[in-house]
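Structural overview for review
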Amino acid sequence: MFVSFFPKPKLFFISALLWALAAVLLWYAGGQQFGSYVGLAPADPAVPPIVGITVFFTKPYLWVYAYFAAFIGVFYAFWAWYSPHPWQNWSILGSALILFSSYFSVQVDVVLNNWRGSFFDMVQKAMGGKNAVAAPDLYAGVLTFAVIACVAIAVAVATLFFTSHYVFRWRTAMNSYYMEHWERLRHIEGAAQRVQEDTMRFASIVEGLGITFIQSAMTLIAFLPLLAQLSSHIVALPVVGAIPHPLVFAAIAWAVFGTGLLALVGVKLPGLQFRNQRVEAAYRKELVYGEDHDDRAKPLAVKELFANVRKNYFRLYFHYVYFNVFRYVYLQADNVFGLFLLVPTLAAGTITLGIFQQILSAFSNVTNSFQFLVNSWTTVIELLSIQKRLKAFEATLEGEPLPSIDQLYLETGTER
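Residues numbered from 1 in each chain as written. Predicted model: local features only at pLDDT ≥ 70, side-chain atom pairs only at ≥ 80, totals over all residues. Heavy atoms only, no water.

What follows concerns the overall build of the protein chain. Counting its secondary structure elements, the protein chain contains 13 helices and zero strands. Secondary structure elements of the protein chain occur, N-terminal to C-terminal, as α-α-α-α-α-α-α-α-α-α-α-α-α. Expressed as a percentage of its 416 residues, the buried residues of the protein chain come to 42%. A sequence separation of at least 24 residues applies to 78% of the contacts in the protein chain between residues at least 6 apart. Carbon and sulfur atoms provide 67% of the accessible area of the protein chain, an area that totals close to 22,200 Å². (Helix = DSSP H or I, 4+ residues; strand = E, 2+ residues; numbered from the N terminus. Buried < 20%, exposed > 50% of the residue type's maximum accessible area, 1.4 Å probe, protein only. Contact = heavy atoms within 4.5 Å. Areas by Shrake-Rupley, 256 points an atom, 1.4 Å probe, with all protein chains shown as cover.)

Take a nonpolar patch on the surface next. A cluster of nonpolar side chains, contributed by Leu-11, Phe-78, Trp-81 and Tyr-82, occupies part of the molecular surface with about 460 Å² of accessible area. Element by element, the count of residues in the nonpolar patch is highest for helix α2 (residues 59–82), at three residues. Relative to the assigned elements, Trp-81 resides in helix α2. What makes Trp-81 exposed here is its relative accessible area of 65%. (Patch = residues over 30% accessible without salt bridge, like charges linked within 9 Å, V, L, I, M, F, W, Y side chains within 5 Å. Salt bridge = Lys/Arg side-chain N within 4 Å of Asp/Glu carboxyl O.)

With that settled, the discussion passes to the UniProt feature "transmembrane region" (unreviewed entry) in the protein chain. What UniProt calls "transmembrane region" (unreviewed entry) maps, in this numbering, to residues 62–82, 89–106, 138–162, 202–227, 247–267 and 336–356. End C-alpha atoms of residues 89–106 are separated by 25 Å, and the span's content is 100% helix alongside 0% strand. (UniProt positions renumbered as here; feature names shortened; annotations may be inferred.)

Looking now at helix α9 (residues 299–341). The first and last C-alpha atoms of α9 sit 61 Å apart over 43 residues, in line with the 63 Å expected at 1.5 Å per residue. Largest kink in α9: about 40 degrees, centred on Asn-335. (Expected span 1.5 Å × (residues − 1). Bend = angle between axes of the 7 residues up to and from the residue.)

Another point: the packing of helix α3 (residues 88–128) against helix α4 (residues 135–180). One way to put it is that α3 packs onto α4 with a least axis distance of 10 Å and a crossing angle of 165 degrees. It follows from the interaxial angle that α3 and α4 lie roughly antiparallel. Seen from above, α3 lies across α4 with left-handed handedness. (Axes fitted to C-alpha atoms, helices over the stretch in contact; angles between N-to-C directions. Parallel < 35°, antiparallel > 145°, perpendicular 65-115°, else oblique. Left-handed = near helix turned anticlockwise from the far one by under 90°.)

Further remarks concern the packing of aromatic side chains. As enumerated under the stated definition, the model contains 40 aromatic pairs in all. The interplanar angle of 50 degrees and the centroid separation of 6.3 Å between the aromatic rings of Phe-257 and Tyr-330 together place this pair among those described as tilted. Within this pair, whereas Phe-257 is found in helix α7 (residues 246–265), its partner Tyr-330 is found in helix α9, the two being separated by 73 residues in sequence. Between Phe-337 and Phe-363, the ring centres sit 6.1 Å apart and the planes meet at 35 degrees, which makes this aromatic pair tilted. One end of the pair, Phe-337, is in helix α9; the other, Phe-363, is in helix α11 (residues 353–370), and 26 residues separate them in sequence. Through pairs of rings, three or more aromatic residues link up here, namely Phe-5, Phe-6, Phe-12, Phe-13, Phe-75, Phe-78, Trp-79, Trp-81, Tyr-82, Trp-87, Tyr-166 and Trp-170. (Phe/Tyr/Trp six-rings, centres within 6.5 Å; stacked < 30°, edge-to-face > 60°.)

As a further point, take the environment of Leu-237. Secondary-structure assignment places Leu-237 in the loop between α6 (191–230) and α7. Considering only alpha carbons, one finds Leu-237 and Leu-247, 10 residues apart in sequence, at a separation of 8.5 Å.

Let's shift gears to the environment of Phe-100. Its location among the elements puts Phe-100 in helix α3. Aside from chain neighbours lying at most four places away, what touches Phe-100 is Tyr-65 and Phe-68.

Another aspect to go through is the confidence of the model for the protein chain. Per-residue confidence for the protein chain gives a mean pLDDT of 80; residues scoring 70 or more make up 87%. In this model, residues 408–416 is a region of pLDDT below 50 whose contacts with residues beyond four sequence positions or in other chains number 13 contacts. (pLDDT = per-residue confidence, 0-100.)

This part takes up the side chain of Ser-91. Here Ser-91 shows up in helix α3. For Ser-91, the contacting residues outside a window of four places in its chain are Phe-5, Phe-6, Pro-7 and Tyr-166.

All right, on to the environment of Thr-259 then. Looking at the secondary structure, you find Thr-259 in helix α7. Accessibility expressed as a relative area gives 17% for Thr-259, which makes it buried. Sequence separation between Thr-259 and Arg-327 is 68 residues, and the spatial gap between their C-alpha atoms is 9.8 Å.

What follows covers the packing of α7 against α9. Two elements in contact, α7 and α9, have axes separated by 10 Å at closest approach and are oriented at 175 degrees. When the axes of α7 and α9 are compared, the pair comes out roughly antiparallel. Within the contact between the two elements, α7 uses Ala-250, Trp-254, Ala-255, Phe-257, Gly-258, Leu-261, Leu-262 and Val-265 and α9 uses Tyr-322, Phe-323, Phe-326, Arg-327, Tyr-330, Ala-333, Asp-334, Phe-337 and Leu-341. In the contact of α7 with α9, the residues fall into 14 nonpolar, one polar and two charged. (Nonpolar A, V, L, I, M, F, W, Y, C, P; charged D, E, K, R; others polar.)

Trans peptide bonds make up the majority, and among non-glycine residues the majority have a negative phi. Positive phi, normally seen in glycine, also occurs at Lys-8, with a value near 40 degrees. Assignment of secondary structure puts Lys-8 in the segment before α1 (9–28). Residue Lys-8 is classed as partly exposed on the basis of its relative accessible area of 43%. For His-245, which is not glycine, the phi torsion reads 45 degrees and is therefore positive. Along the chain, the position of His-245 falls in the loop between α6 and α7.

What follows is the structure, encoded as structure tokens:
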């Protein structure tokens, strides 16, 4: 799954994580100041942030781009020397480009959050009295949002286009790798489907989840300090009262609660999804044989195979009922949780409309990042079921025993 696309996967991902951690720690330990030596000094904290896309061309942002490119260049050069791989341009440089686009998308959200503060303060002022704000100023604020939104759309479309090619390259690498060892893999049940379909779905889901995870991590890096800063406007939290950094505490506690809840109620779903793919593969395989052989796909055999499909689907539907109940209740509560936290502060009248909008936006970004597993749990379940199927290939190629569920199928020829 990974060795076909990445050089020495275990060592590669460990080194990538450590290198990324080193880059982040160095940045906050003084790396952002290093830009001063090349004329790219950091932003002055006493100066209000620039609202608009021009912020992406300022010296602090240009230093971020150079800093990122330097770390990626060193990492790529090391792996190209240490363990050359035919897919290293896509697996390393392609992953780096996706990483950068994720960072850029998060920064667009930060710029939009800054826009909300200034714009809605202006709206509040306009609502306070006649002609308090000139109409051209309001139009200019709306136009600023439109320009930022256009940049976000352009980046999103370009990223999706590139990641589509990235996923297909990964699928190509897996397909080529498995076909090189086809004689050793062809005896595994549903081998054709695993090569043709599961490789495509695995690459696509891992890429999607990877981007979401990276965006979540970067959003936390960008918005947690902002949320801690905005916490100074909070009078107290409901029930808890006044505590240090109340919004940060509430966001973490709420996300941990939701993640733990859904992990608990959805614990059976990955295995059921795996069995669902098994019974569908067995049914499809018999029908395909029936196209060319008169003695296959007989009514009794097809009826039994479809009964297995029906049984597993009904079992899956049942378990998804209570899972979705908990999931949707939590997500609906999440829509008003931030507002609920602000009730004591709103009642005290200590914040403006602009700060109110900034707090809701920053809190939503932070909680959504912490809720990575909550928002992605059904996709994670699908990925785990696919991983179980491809794991049989990995075990065969590495000379290890097949997973227990595959051994059970070989022994009985049926699903249980």
